[in-house]
Amino acid sequence: MNPALATQVAVTFTWLGLVLGISFLEAPLKFRAPGLTIEVGVGIGRLVFRALNTIEGVAAVVLLIAVLVQGIPLSLVLTIAVIVVLGLGALVLRPLMDRRVTTGRTAERMPRHSMHFAYIALEVVKVALLIAIGVVGLATA
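Below or above, wherever it landed, is the structure these notes cover. If you're wondering where the values come from, they're calculated on a predicted model, not measured in any experiment.

Turning our attention to the overall build of the protein. Of regular secondary structure, the protein possesses four helices and zero strands. Reading the secondary structure of the protein in the N-to-C direction produces α-α-α-α. Oriented by its inertia axes, the alpha-carbon framework of the protein measures out at about 50 × 25 × 20 Å. Residues classed as buried in the protein amount to 39% of the 141 residues present. Put simply, the protein shows about 7500 Å² of open surface, and 75% of that area lies on carbon and sulfur atoms. Counting 11 positive and 6 negative side-chain charges, the protein places the centres of these two groups 4 Å from one another.

Next comes the structure, spelled out in structure tokens:
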């Protein structure tokens with residue numbers, strides 16, 4: 001396995017682990033902690049997802065470079081797709097959701113907003129794309 005392909009596989013599965021651990025484990029469990037208010041949980045979530053999205057941005061750049069060096073068309077298409085999904089979540093939906101909660105409109109006062117469900121859907125698509133990128137990389141090896 002050459003260094004670019006190894007980087008593709010390593011970055012992809014590391015990124016996948018981060019998304020699974022934070023989006024599908026930490027985020028839902030946080031609100032089950034005894035004594036944690038919605039406001040505090042949302043504040044923690046905003047910090048955690050801002051950090052996650054920053055790390056994902058770096059991972060996306062490294063992954064794109066590795067895929068470009070490899071020259072595997074399917075990996076490139078999947079990588080561009082995951083970058084688009086990341087951009088929609090991190091640059092469009094998350095700021096809109098941030099604005100909603102910073103104005104005091106949290107889940108305690110009103111039902112979950114459709115933006116939240118859209119963000120979850122994007123995370124599911126991101127997971128599927130990352131698995132596909134990793135599998136393509138491993139199959140290429």
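From this point, the discussion proceeds with the structure in view.
With that settled, the discussion passes to the environment of Met97. Along the chain, Met97 turns up in helix α3 (residues 73–102). Once the C-alpha coordinates of Met97 and Ala141 are considered, the two residues, 44 residues apart in sequence, prove to be 40 Å apart. Discounting chain neighbours no more than four positions away, the residues touching Met97 are Met115, His116 and Tyr119.

With that out of the way, let us pick up the pattern of salt bridges. Using the criterion set out here, one finds five salt bridges in the structure. Note that Lys126 and Glu56 form a salt bridge whose closest N and O atoms lie 2.7 Å from each other. Of this pair, Lys126 sits in helix α4 (residues 114–140) while Glu56 sits in helix α2 (residues 38–70), placing them 70 residues apart in sequence. When sorted by exposure, Lys126 lands in the same class as Glu56, which is buried.

Another aspect to go through is a nonpolar patch on the surface. On the surface, Ile80, Val84, Leu88, Leu91, Val92 and Leu96 cluster together to form a nonpolar patch covering roughly 530 Å² of accessible area. On the secondary structure map, Ile80 appears in helix α3. Residue classification places Ile80 among the partly exposed positions, given a relative accessible area of 45%.

Thresholds, definitions, all that
- Residues numbered from 1 in each chain as written.
- Predicted model: local features only at pLDDT ≥ 70, side-chain atom pairs only at ≥ 80, totals over all residues.
- Heavy atoms only, no water.
- Helix = DSSP H or I, 4+ residues; strand = E, 2+ residues; numbered from the N terminus.
- Buried < 20%, exposed > 50% of the residue type's maximum accessible area, 1.4 Å probe, protein only.
- Areas by Shrake-Rupley, 256 points an atom, 1.4 Å probe, with all protein chains shown as cover.
- Lys, Arg positive; Asp, Glu negative; His and termini not counted.
- Charge placed at Lys NZ, Arg CZ, Asp CG, Glu CD.
- Contact = heavy atoms within 4.5 Å.
- Salt bridge = Lys/Arg side-chain N within 4 Å of Asp/Glu carboxyl O.
- Patch = residues over 30% accessible without salt bridge, like charges linked within 9 Å, V, L, I, M, F, W, Y side chains within 5 Å.

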